[in-house]
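Examining the three-dimensional arrangement
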Amino acid sequence: MQDRSRNHLLASLDDPDWQRMAPELQPVKLAVHKQLEIRGGAVEWVYFLQSGIASVIAESSGGRQVETGVIGFEGMTGTGVAMGDPRAAQLIVMQIAGEGHRVAAPRLRELLAESPSLRDRLLLFARAFAIQVAHTALANGAGLLEQRLARWLLMLHDRVEGDTLAITHDYIATMLSVRRPGVSVALKVLEEQGLTRVNRGLIAIVDRRGLWEKSAGFYGRTEEEYTRLLGWTSPRG
């Protein structure tokens, strides 16, 4: 029997639905930069992360990219599959390496057809994730870079063990769709204010409460919805 305790969504299934899912789950290690879905391609696997973080990335026809959401041990990829769409709408790539389980997308569709309760549970996650995407759009459109960065670091901190994130300035610039020098300046401000510590591709969270205040209201509302819909609360509090 698979261990579901490290993925909140799997852990929250009732016993009959877990019995349906468990035989189909394959353990998998997920290296950094591994692509889990490719925009426009068929979704072959749905992943339930136990560690690590996946970035959901929107791409323009001109090649511009921006991160629209993050997924960790609270949920799953393949929300489109749960809603009946077998094709990927966005790129999903591992931002921080981890591990988890995967289930073949065609088989998951069969299981969802067999069990309305399983379908409803996964659709609740899809709803929560859609709210996250909406608030990311709000932050990107209305927030200052330092506020957006504070929110983003908090969201990653919610989904990793420890207080150190292995993230480069270049990758932050791509995810937030800003220029790298702007990221460097924003990180320097956070560090000078005692909120973070930066050292060679590593960002340590020093003052989480201060980061929360720095996010200026852009962090917190999404997290309340994850608790309301899924019963998931950040272990950071």
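What comes next concerns the included structure.

Parameters and conventions
- Residues numbered from 1 in each chain as written.
- Predicted model: local features only at pLDDT ≥ 70, side-chain atom pairs only at ≥ 80, totals over all residues.
- Heavy atoms only, no water.
- Phe/Tyr/Trp six-rings, centres within 6.5 Å; stacked < 30°, edge-to-face > 60°.
- Buried < 20%, exposed > 50% of the residue type's maximum accessible area, 1.4 Å probe, protein only.
- Lys NZ or Arg CZ within 6 Å of the ring centre and 35° of its normal.
- Helix = DSSP H or I, 4+ residues; strand = E, 2+ residues; numbered from the N terminus.
- Expected span 1.5 Å × (residues − 1).
- Axes fitted to C-alpha atoms, helices over the stretch in contact; angles between N-to-C directions.
- Parallel < 35°, antiparallel > 145°, perpendicular 65-115°, else oblique.
- Contact = heavy atoms within 4.5 Å.
- Nonpolar A, V, L, I, M, F, W, Y, C, P; charged D, E, K, R; others polar.
- Pairing = 2+ DSSP bridges.
- Core = buried A, V, L, I, M, F, W, Y, C linked by side-chain atoms within 4.5 Å.

Observations regarding the packing of aromatic side chains
Within the structure shown, the criterion is met by five aromatic pairs. An angle of 65° between the planes, with centres 5.8 Å apart, marks the rings of Tyr226 and Trp232 as edge-to-face. Trp232 matches Tyr226 in its accessibility class, with the two residues each being buried. Chaining the aromatic ring pairs together yields one cluster made of Phe73, Phe125, Phe129, Tyr226 and Trp232. Against the face of Trp45 rests Arg102, its NZ or CZ located 3.6 Å from the ring centre. For Arg159, the ring lying beneath its charged end belongs to Tyr226, and the centroid distance is 6.0 Å.

Examining helix α6 (residues 145–158)
Think of an α-helix as 3.6 residues a turn; residues three or four steps apart then line up on the same face. In a regular helix each residue adds 1.5 Å, so 14 residues correspond to 20 Å; α6 covers 20 Å between its end C-alpha atoms and thus fits that length. Of all 14 residues making up α6, 12 are buried, and the element is well covered by its neighbours. Of all the positions in α6, only Gln147, Arg148, Leu149, Ala150, Arg151, Trp152, Leu153, Leu154, Met155, Leu156, His157 and Asp158 are classed as buried.

Structural notes on the packing of helix α5 (residues 116–142) against helix α10 (residues 221–230)
Orientation of α5 relative to α10, taken along the N-to-C sense of each, is 170°, at an axis distance of 9 Å. Between α5 and α10, the interaxial angle falls into the category roughly antiparallel. On α10, the residues that touch Arg121, Leu124, Phe125, Arg127, Ala128, Phe129, Ile131, Gln132 and His135 of α5 are Arg221, Thr222, Glu225, Tyr226, Leu229 and Leu230. Residue classes in the contact of α5 with α10 are distributed as eight nonpolar, three polar and four charged.

A few points about the sheet that holds strand β8 (residues 164–166)
The strand order β8-β10-β9 describes an open sheet built from three strands, whose pairing is antiparallel. The open sheet terminates on both sides in strands that have one partner only, identified here as β8 and β9 (196–199). The sheet shows a mean angle of 20° between the axes of neighbouring strands, direction not considered. As paired strands, β8 and strand β10 (residues 202–205) are joined by three bridges and run antiparallel to one another. Across the sheet, residue Thr164 finds its bridge partner in β10, namely Ala204.

Description of the packing of α6 against helix α8 (residues 180–192)
Contact geometry for α6 and α8: axes closest at 10 Å, N-to-C directions at 75°. On the basis of their axis angle, the class for α6 and α8 is roughly perpendicular. In contact with Leu145, Glu146, Leu149 and Leu153 of α6, α8 contributes Gly182, Val183, Ala186, Leu187, Val189 and Leu190. Its residues assigned to classes, the contact of α6 with α8 shows eight nonpolar, one polar and one charged.

Thoughts on the nonpolar core
In terms of nonpolar packing, the biggest core is built from 40 residues, with Met21, Val46, Phe48, Leu108, Leu122, Phe125 and Leu230 touching the most fellow members. For this core, the leading source of residues is α5, giving six residues. Ignoring sequence-local partners within four residues, the contact set of Leu230 consists of His8, Leu9, Arg121, Leu124, Phe125, Ala128 and Glu225. Counting 30 residues, the second-largest nonpolar core is a separate cluster that includes Val70, Val160, Ile167 and Leu195.

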